[in-house]
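Geometric and topological summary
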Amino acid sequence: MAKAVKTIGVLTSGGDAPGMNAAIRAVVRTAIHEGLKVKGIMRGYAGLLQEEIVDMDSTSVSDIIHRGGTILYTARCMEFTTPEGQEQGAEICRKHGIDGIVVIGGDGSFRGAGKLAALGINTIGVPGTIDLDIACTEYTIGFDTAVNTAMEAIDKVRDTSTSHERCSIIEVMGRNAGYIALWCGFANGAEDILLPERYDGDEQALINRIIENRKRGKKHNIIINAEGIGHSTSMARRIEAATGIETRATILGHMQRGGTPTCKDRVYASIMGAKAAMLLAEGKSNRVVAYKNGDYVDYDIQEALSMKKDIAEDQYEIFKILVR
């Protein structure tokens, strides 16, 4: 039976992602439209345990849709991974009259949301991560902005790499997921991509391709390296020593997390945030909002967490064809 909800909280957890503010705005305004009160929980689960909870209304989310980051701030919280921390979080929700929570974040955030749901607090997850690594959805908030930021930066590095006839290793974010690297590989016309899901550690094969490219008349070589592979600077030194070609490493780092969100990240995040608030208004719990096959859907949190995701093999094979 659906549980009546009168007051909801909203928090952002884990890594920040451009578009989170659009989702927060949509949660707040949709909840108010549905007759609910809204409270903002600062600094994710850490802020929940510290009772950093503020009332929110429509004006609280004015002029934020274009801003990167999250107005609620974010943090990681090891204490909330323990049963004691989870029990405390649920008690604090009850103390503040919070019947349900929208959690905007990644898989780790959803695990916490599932624990709150089991303790009687209605919870809905919204996928917010630049890594695009949540298996139940084809879109995650922040990926589009992050990949466009990386693409533009790589274009600039390519210009100077061409001028100096260099090999450039450009490291993008993606600890366990190579989606940013794959998309930039296509969009930037890279000669090689190193993905956590596919790279076999054969650096000699990489060196051989660089030498062959130079023999064929290529004046530069762009290698996009995912963060999960890493070691870009030492790799550059080894490649230069082996090939005699000047090789530089550029690590784009956290610039990919920031900046003005793209139109797609604003629109998709807004719809997902609104859907999450609607689900809570209906008394739903333990769900994750997702984008699948052109539609916005929702899954049971445990079902979503059990799903696996991998780089599409056909896309990876097409990339290899296009670099020849």
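Above this text sits the structure in question.
Residues numbered from 1 in each chain as written. Predicted model: local features only at pLDDT ≥ 70, side-chain atom pairs only at ≥ 80, totals over all residues. Heavy atoms only, no water.

Turning to the environment of Glu282, a few remarks are in order. Looking at the secondary structure, you find Glu282 in the loop between helix H9 (263-281) and strand E10 (287-292). On the basis of relative accessible area, Glu282 is assigned to the partly exposed category, the value being 45%. Each C-alpha atom of the pair Glu282 and Lys3 lies 8.1 Å from the other, and the pair is 279 residues apart in sequence. A polar contact of 3.4 Å, which involves the side chain of Glu282, links it to the side chain of Lys284. (Helix = DSSP H or I, 4+ residues; strand = E, 2+ residues; numbered from the N terminus. Buried < 20%, exposed > 50% of the residue type's maximum accessible area, 1.4 Å probe, protein only. Polar contact = N/O pair within 3.5 Å; in protein donor to acceptor, adjacent residues only side chain to side chain.)

A few words on the packing of aromatic side chains. The final tally for this structure, using the stated rule, is seven aromatic pairs. Between the aromatic rings of Tyr45 and Phe80, the centroid separation amounts to 4.1 Å while the plane-to-plane angle is 5 degrees, which identifies the pairing as stacked. With Tyr45 in helix H2 (residues 44-49) and Phe80 in the loop between strand E3 (53-56) and helix H3 (83-95), this pair connects stretches of sequence that are 35 residues apart. Both residues of the pair, Tyr45 and Phe80, count as buried. (Phe/Tyr/Trp six-rings, centres within 6.5 Å; stacked < 30°, edge-to-face > 60°.)

The geometry of helix H6 (residues 179-187) relative to helix H11 (residues 313-322) is characterised by a closest axis approach of 10 Å and an angle of 35 degrees between their N-to-C directions. Of the two possible hands of crossing, H6 and H11 adopt the one that is left-handed. Across the interface between the two elements, Leu182, Gly185 and Phe186 of H6 pack against Gln315, Ile318, Phe319 and Leu322 of H11. A class-by-class count of the residues in the contact of H6 with H11 yields five nonpolar, two polar and no charged. (Axes fitted to C-alpha atoms, helices over the stretch in contact; angles between N-to-C directions. Left-handed = near helix turned anticlockwise from the far one by under 90°. Contact = heavy atoms within 4.5 Å. Nonpolar A, V, L, I, M, F, W, Y, C, P; charged D, E, K, R; others polar.)

The next point concerns the packing of helix H7 (residues 203-215) against helix H8 (residues 232-243). At a minimum axis separation of 10 Å, H7 and H8 run at an interaxial angle of 55 degrees. Classified by the angle their axes make, H7 and H8 are oblique. The interaxial crossing formed by H7 with H8 has right-handed handedness. Together, Glu203, Leu206, Ile207, Ile210 and Ile211 of H7 and Met235, Arg238, Ile239, Ala242 and Thr243 of H8 make up the contact between the two elements. Tallied by class, residues from the contact of H7 with H8 come to seven nonpolar, one polar and two charged. (Parallel < 35°, antiparallel > 145°, perpendicular 65-115°, else oblique.)

What follows is about unusual backbone geometry. Phi at Leu132 takes a positive value of approximately 55 degrees, unusual for a residue other than glycine. Along the chain, Leu132 falls in the loop between strand E5 (122-127) and helix H5 (143-163). A positive phi is found at Asn293, a non-glycine position, where the angle reads about 50 degrees. Within the element layout of this structure, Asn293 appears in the loop between E10 and strand E11 (295-300). Given a relative accessible area of 67%, Asn293 falls into the exposed group.

It is worth spelling out the nonpolar core at this point. Grouped together as the largest cluster of nonpolar side chains are 63 residues, with contacts concentrated most on Met56, Ile104, Ile180 and Ile224. Here Met56 is in contact with Val10, Ile24, Val28, Val38, Lys39, Gly40, Val61, Ile71 and Leu72, once residues within four sequence places are set aside. Ile41, Phe110, Tyr299 and Ala304 belong to the second-largest nonpolar core, a separate cluster that totals 25 residues. (Core = buried A, V, L, I, M, F, W, Y, C linked by side-chain atoms within 4.5 Å.)

All right, on to the sheet that holds strand E7 (residues 192-194) then. Strand order in this open sheet of four strands is E7-E8-E6-E9, and the pairing throughout is parallel. At either end of the open sheet lies a strand with only one pairing partner, and these are E7 and strand E9 (247-251). On average, each strand axis in the sheet is inclined to that of its neighbour by 20 degrees, with strand direction left out of account. As paired elements, strand E6 (residues 167-172) and strand E8 (residues 221-226) share six bridges and run parallel to each other. The partner of Val172 across the bridge, within E8, is Ala226. Against the sheet, H5 engages E6, E8 and E9, with an angle of about 165 degrees to E6. The sheet contacts of H8 involve E6, E7, E8 and E9, and relative to E9 the element is tilted by about 170 degrees. (Pairing = 2+ DSSP bridges.)

A few words on the pattern of salt bridges. On inspection of all chains with the given rule, the structure shows 16 salt bridges. Note that Glu246 and Arg166 form a salt bridge whose closest N and O atoms lie 3.1 Å from each other. Linking Glu246 in the loop between H8 and E9 with Arg166 in the loop between H5 and E6, this pair joins segments that are 80 residues apart in sequence. Taking relative accessible area as the criterion, Arg166 reaches 10% and is therefore assigned buried. For the salt bridge of Arg287 with Asp298, the shortest nitrogen-to-oxygen distance reads 2.8 Å. Note that Arg287 is positioned in strand E10 and Asp298 in strand E11, a separation of eleven residues in sequence. For Asp298, a relative accessible area of 30% puts it in the partly exposed group. Salt bridges here are not isolated pairs; linked through shared partners, they connect Arg166, Glu246 and Arg248. (Salt bridge = Lys/Arg side-chain N within 4 Å of Asp/Glu carboxyl O.)

Moving on: a nonpolar patch on the surface. A contiguous nonpolar surface patch, about 380 Å² in accessible area, is contributed by Phe186, Ile318, Ile321 and Leu322. A per-element tally of the nonpolar patch places H11 first, with three residues. By the secondary structure assignment, Leu322 is in helix H11. (Patch = residues over 30% accessible without salt bridge, like charges linked within 9 Å, V, L, I, M, F, W, Y side chains within 5 Å. Areas by Shrake-Rupley, 256 points an atom, 1.4 Å probe, with all protein chains shown as cover.)

Don't take any of this as a statement about function, it's just geometry.
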